[in-house]
Every structure is written in structure tokens, then in C-alpha cells.
Amino acid sequence: MHHSPCGDTLAGSAKMSEMSSVESSQEHLSDPSPSPNSSSSFELIDMDVSSLYEPVSSHWFYCKVIDSKEIWIPFNSDDSQQLEEAHGSGKDCNERVVPTDGGRYDVHLGERMRYAVYWDEPPSEVRRCTWFYKGDKDNKYVPYSESFSQVLEETYMLAVTLDEWKKKLESPNREIIVLHNPKLMVHYQPVAGSDEWGSTSTEQGRPRSVKRGVENIPVDIHCGEPLQIDHLVFVVHGIGPACDLRFRSIVQCVNDFRSVSLNLLQTHFKKAQENQQIGRVEFLPVNWHSPLHSTGVDVDLQRITLPSINRLRHFTNDTILDVFFYNSPTYCQTIVDTVASEMNRIYTLFLQRNPEFKGGVSIAGHSLGSLILFDILTNQKDSFGDIDSEKGSLRTVEDQGDVPTLEEDLKKLQLSEFFTVFEKEKVDKEALALCTEKDLQEMGIPLGPRKKILNHFRTRKNSMGVNRPDTSASEVNSSKENGDYLDVGIGQVSVKYPRLNYKPEIFFAFGSPIGMFLTVRGLRRIDPNYKFPTCKGFFNIYHPFDPVAYRIEPMVAPEVEFEPMLIPHHKGRKRMHLELREGFTRMSMDLKNNLLGSLRMAWKSFTRAPYPALQASETTEETEAEPESGSEKSSVNTEETPVEVKEELPINVGMLNGGQRIDYVLQEKPIESFNEYLFALQSHLCYWESEDTVLLVLKEIYQTQGIFLDQPLQ
């Protein structure tokens, strides 16, 4: 069994009983009267095993149904110990609810069921396991029921104490279990088609191995997660219910992301862990696909879907149509409401369950999920009071409240008398921008004023550059006087964007089409001064072959061509094939420019670090990487071509990420570089298990708390 160091200990010991050498031999030999010589080799081995009875050590498991097959998974050692303590705590133990898996699940001891806390998931059966038999097709062991395990244990205890083996038992499912000796216990399945007279089961078929105690079966039992949570990250999925090539849900993919993060904390933040400076980062999934598709739209779509190529059309309805839904005002409202309300609900519940939590919150979105978060973030209001007072260029400077501005607008239109109507209906500028002519009519506004009001807001909306390809974000700002948050000048669907109950520290976008959507909406440029109203950081992370990902930085600085930041490999340095490729590229460029006067210069050209990797190492650990980056810079000044020196100039990538770089590209694996098209789809779904992605997320989160990696990555 692959036990971690923190496995369970045996519960206790009982009396020793003596046994003769003949009895000892009977444990291993089927012949009831073996010769003394044949038994002698077993005597010394079995004396210790069988003459000492110790109660079996239990471990708690839960059952997951995967592909209609039941799989029993062990709780980690900490959770199992907690469940065991609660189980043995007395008569009220059945009322107990024990939080497990870092607080993401609750186990109701009386029901023996495990329930997800933050998301919808079918409950899992829980079992206190002591005896196991080998399953059907694989080598996994299956636990017996608690009641039958007790019967087995009592039989085993008698056999050990009295030294009487070859015990035969029949389980409630008519299975036969034979305890030949402590080392040989077997299980026979009931034979199909036995007679109708209820004859007893017989030992037929292939015997299966029976094991007592979790320590005797091959199973991985992990240590528990650190109790302290330093930071909370909400993860929003992209199109469709499946998030990777194995068609797993967002919950399963985020589980992977979390597991990778726990491993990386142990390997890359060891010092901080040893000094008890850090605990862990909690990642929680946010599901919006299910609520959207439970609106009845699927039934309507099915009605109009053609019967041919059925599977492909069903796949399209379930996935790609999410993009079209997001561009429809009706369903876009459902999507943004679901995402924001889910994040607010989970955040409130998380604080209730973790009252001592003092950390920050960040958000991450994959694919379309990142666009949803981008739109929500651009429409937040900074009214929390303690954020920087500088206003971004996509926001109005008039942040003093909506009512005076609305009053002024009505005054300009000579319609001041209707202000009281709007005030009574609690209609501010945001609500008025959403009103249709029918709404105004129901409020009692006459036809003439109705047309004036609608025309005023329509022309105002057009002046914001919704449909003007030449409009930049800064031009949008200069024409924007009405304090309206609905449009923010980037052609978003006119919906009421909900408020988040917290200010995210950082927004991580994985494989994101934000750049493409902004361009298609008519925004050519993002003003360098623009930043999210309530979020300070923004990282656009993508795989180089991801067909859905687009860059953001060229929209901020369109006049300069520069590479994205190369994300360092989690084991340090670049992947070998990338270093070789770049080395040869630099050599060939220097040869063209006749710069290689000697073999030494040729070697320096081959081995020096290119600009993006250099900057990556500087930003990874500013303090520790300074000497190296300094020496690199000095060599750059003397030996680099004019083209590369040009790259050394500081690039203004705007304030979206507080003045730091925004676009970060992963390094492709050697096999992926052979065929970019073959790995395109896989590249869009690679982020959940990418150590490099997770390490960048952890590095940036902990950097906000003044905690750095043990070693800077180069």
C-alpha cells in the first residue's frame, strides 16, 4: 500500500494465545494432517502473525460513480481520523456533521453520506472500512459493508484466539468467504442460475483475494490539506458543460488545479511553509452553464434542430451556442446574473464557514468565462471607499451619484417635470438606459417626451462608439458625460451588470478571447490609463497554439511590436527545444549582421537570454534576480543587434495590470511543436493541469502578501 507518512495507526492490542506447530501448519496447508517436516518452515513466520490478535484499524472511504461504475476512494488521513473520532464520540455521534476535503464537503455521520457544500453534486455514500475484497475487472479493492465487516472481524478474532481456521462465511449477497489462515483469505462470487430451492452457495469460480485492514491493500492515502486558507480564487468555466478532452466538469478540473497548487506549494514555497507563513490557496468553481440551459431554451432548440448528424448538432447546441447566448441581451443577462450571484453566494457561504479568513479574493476565467468576468469587472462601481481615487478612461469622472446628472439631462431636454416620475419609480440613469418605449408609456410619459428621452439616450449611446470601428477607449471617455456604467464604450450587450460583494485582487484569464471580442465590438484601442474600477491586477495567460486565445497588450500599445512574457518552466529554465531553437535563430541573425568576429562571440550569441525570458526572470523574483539581470543587460548593450536593443526600451502596457505586463505565454512541449494543428484543441484545455500556469497564479497571489518563491525561475 502506498501510504503517506501520516497514515493511520492500529487501534490497540489484545491477549496472546498459544498455538502448536501442527495447528500453525494447518493455517497454510489444505491437507488437514500434514507431516511435521512440511510444516516446520511456516512455524516461525506464523507464530507472531496469528497468535496475537489486535483489533483492525479502520479507514473511511466514499463512493463515486464514474461511468456507471462504483469506485471507492479513501478520505485523506486527517479527514479519516476526524471521522473516526466523531464516530467514537458517544451516543450523539449520528447527529454529527464533519467537514472534509478542506471544508468543501460535509459528511453526515448518521446518514453515512457526503454532501458538496459550494456546488450541486449527487451525494456520495460513506463507509467505515475494515475488510476488502478484490474487484471485478481491475485490481482495486472493494470494502465490505460495515455490518458484514463486523461479522468477518469477529470470526477472525475467534480464529486467531482459538487457532481454528478454515472458517467459512456467507455474506448477505450469497458470497462465500473462506478464512484459510491470516495470510490466505478468499471470496467466491455467487454462481449465476443456482436452483430455486435455496440451496447454499458453493465455492465455485475464481477465488478473489480478501484483505483485512487498509494497510494491506494498494491504495494512495494522502495527508490532509493545510487548515489555513490565505486566499480565495473563484474559477469560471467557458462554453459547454465539459472543460477538458476527458469531458470532465468544472468541479473536476478545478480539483486538478487545486491538487497541482498544493504540490507546488510544497516544492516551491518550502521556506514559507516551514516558517508557517503560508497555508494554501482555495480554488472554488463557479458553474453558469446549468442554470442557463435550465431556462427551457434547450427544449425550444431541440424543436428546431435538424435530425441529421444528430450528435454533432447536439454538441453544437450544448457548447458553441453559449457564445451566441452571451451576445443575446436576454440570455446575457441570465449569464452575468448567474456568475455574479454564484460568486457572491459562495463568498458569503465561505465566510460563514471560515470566520477567521482574512485573505484576499481573486477571480479566474477560462475561455468565454474570462470574457464574462471582464465585462462584469468593467461595470463595477468603486463605492467601497478605500480604493485609489484615480478614474480609468472607460469610466466617467462624474462619480458623485446618478440623480443630479439625470436631472441635468432632463433639464436640457426641457422635461424637468418628469424627474419626479422617475424618482418615484426609482429609475436612475442605468435603469433609464434599459427602458423601452413601452416602459416609459407605462410610467405615464406622453408620446412627445418619450421620443425625446429615447432619442437623447440613443444618440448618447452612439456617441460612445458602440458601432464605430475608429473609436478608441480614450475617445469614448471624452464623449461620455452621463455617468453611465452600462456600456463603458466597448459595445457590450445592454444589460444590467450586477455588483460583486468584494474587490478582486487579481483577474486571471486562461485561453481568453477577450481581445477578439473587444475588436469585433468596435474597440480598436484600450487607453493606457484605463484600469478596472475595483480590481488591480490582470493576467492574460495562454498556450501558444490555443486557437481561442488572443493578446491584449497590442490593443494598449498598437504602435510597438513586442513579444508576450514567456512563463518560466516550473522546474526552472526553458524547455530544451526552445533554447536550441532560439539559440540558432540568434546566431543566424548575428551572422547576417556580420557580428560574429570570433568563436567566443558566436557562443555568446547562442547562449544569451532573449528579452522576454530576461524580463520574466526579473519579475519572478526581483530581489534575487537583480545581479543576473544586470549582467545580462551589460552584455546586451555591447553585443546585441540594433533590433534587440530596441526591444530593451521600456514598454508602456497601460494600467490594466498596474503598469506590469499583461500577456503571458506558456512554453509548448517538444511533442506539441511537431504539429501545431494536432494539439490546438488540447492546448485550449491544457490549463487545468499545467504546473507552469498554476505556479504563475500562486506566485502573483503570494507576491501581494510579500511572500516569494524559494528560488527565482529563469
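Rules of the game
Residues numbered from 1 in each chain as written. Predicted model: local features only at pLDDT ≥ 70, side-chain atom pairs only at ≥ 80, totals over all residues. Heavy atoms only, no water. Pairing = 2+ DSSP bridges. Helix = DSSP H or I, 4+ residues; strand = E, 2+ residues; numbered from the N terminus. Contact = heavy atoms within 4.5 Å. Axes fitted to C-alpha atoms, helices over the stretch in contact; angles between N-to-C directions. Phe/Tyr/Trp six-rings, centres within 6.5 Å; stacked < 30°, edge-to-face > 60°. Buried < 20%, exposed > 50% of the residue type's maximum accessible area, 1.4 Å probe, protein only. Lys NZ or Arg CZ within 6 Å of the ring centre and 35° of its normal. Parallel < 35°, antiparallel > 145°, perpendicular 65-115°, else oblique. Left-handed = near helix turned anticlockwise from the far one by under 90°. Core = buried A, V, L, I, M, F, W, Y, C linked by side-chain atoms within 4.5 Å. Salt bridge = Lys/Arg side-chain N within 4 Å of Asp/Glu carboxyl O.

1. Describing the sheet that holds strand 15 (residues 360–366)
The strand order 14-13-15-16-17-19-18 describes an open sheet built from seven strands, whose pairing is parallel. Taken across any chain shown, the strands that pair with only one partner, and hence form the sheet edges, are strand 14 (280–286) and strand 18 (565–566). With five bridges connecting them, strand 16 (residues 506–510) and strand 17 (residues 537–542) associate as parallel partners. Bridged to alanine 509 within strand 17 is asparagine 540. Across the sheet, helix 27 (residues 691–703) lies against strand 13 (229–236), strand 14, strand 15, strand 16, strand 17 and strand 19 (663–665), angled at about 170° from strand 16, the strand it touches most.

2. Things to note about the packing of aromatic side chains
By the definition in use, this model includes 26 aromatic pairs. Between tyrosine 133 and tyrosine 144 the ring centres are 4.9 Å apart and the planes differ by 45°, which places this aromatic pair in the tilted class. With tyrosine 133 in strand 7 (residues 131–134) and tyrosine 144 in the loop between strand 8 (141–143) and helix 4 (146–162), this residue pair connects regions lying 11 residues apart in the sequence. You'll find tyrosine 133 and tyrosine 144 in the same group, each marked buried. Judged by centre distance (6.1 Å) and plane angle (65°), the ring pair of phenylalanine 507 and phenylalanine 532 falls under edge-to-face. Placement of the pair is phenylalanine 507 in strand 16 and phenylalanine 532 in the loop between helix 19 (514–520) and strand 17, with a sequence separation of 25 residues. Taking the relative accessible area as the measure of exposure, phenylalanine 532 reaches 3% and is therefore buried. Chaining the aromatic ring pairs together yields one cluster made of Phe257, Phe283, Phe510, Tyr687 and Trp688. Its guanidinium or amino end placed over the ring of tyrosine 105, arginine 114 lies 3.5 Å from that ring's centre, counting from NZ or CZ. Over the ring of phenylalanine 562 we find arginine 551; its NZ or CZ atom is 5.4 Å from the centre of that ring.

3. Looking at the sheet that holds strand 2 (residues 69–74)
Read from one edge of the open sheet, six strands run 2-1-6-5-4-3, paired in antiparallel fashion. In the strand order of this sheet, the two ends are held by strand 2 and strand 3 (97–100), each with one partner. Between one strand axis and the next, the sheet turns through 30° on average, direction left out of account. The pairing of strand 4 (residues 105–108) with strand 5 (residues 113–116) spans four bridges and is antiparallel. Across the sheet, residue aspartate 106 finds its bridge partner in strand 5, namely tyrosine 115.

4. Topic: the packing of helix 5 (residues 250–268) against helix 27
Contact geometry for helix 5 and helix 27: axes closest at 9 Å, N-to-C directions at 65°. Judged by the inter-axis angle, helix 5 sits roughly perpendicular to helix 27. Classified by chirality, the crossing of helix 27 by helix 5 is right-handed. Each of Phe257, Val260, Ser261, Leu264, Leu265 and His268 in helix 5 lies in contact with helix 27, whose residues at this interface are Glu691, Thr693, Val694, Leu695, Val697, Leu698 and Tyr702.

5. A short note on the nonpolar core
Side chains of a nonpolar character, in soluble globular proteins, are inclined to be buried together. The biggest cluster of nonpolar side chains holds 98 residues, and the ones touching the most others in it are Phe234, Met343 and Phe507. If one sorts the elements of this core by residue count, helix 11 (residues 329–353) sits on top with nine residues. The residues contacting phenylalanine 507, other than those within four sequence positions of it, are Ile363, Gly365, Ser370, Leu373, Phe374, Leu377, Ile514, Phe532, Cys535, Gly537, Phe538 and Phe539.

6. Here's the deal with the pattern of salt bridges
Side chains bearing opposite charge may pair, as long as their charged atoms lie close to each other. Scanning the model with the defined rule gives 21 salt bridges in all. For the salt bridge of glutamate 84 with arginine 128, the shortest nitrogen-to-oxygen distance reads 2.8 Å. With glutamate 84 in helix 3 (residues 77–87) and arginine 128 in strand 6 (residues 124–129), the pair connects residues that are 44 residues apart, well separated along the chain. In this structure, arginine 280 engages glutamate 225 in a salt bridge whose closest nitrogen and oxygen atoms are separated by 3.1 Å. Residue arginine 280 is located in strand 14, and its partner glutamate 225 is located in the loop between strand 12 (208–212) and strand 13; the two are separated by 55 residues in the primary sequence.

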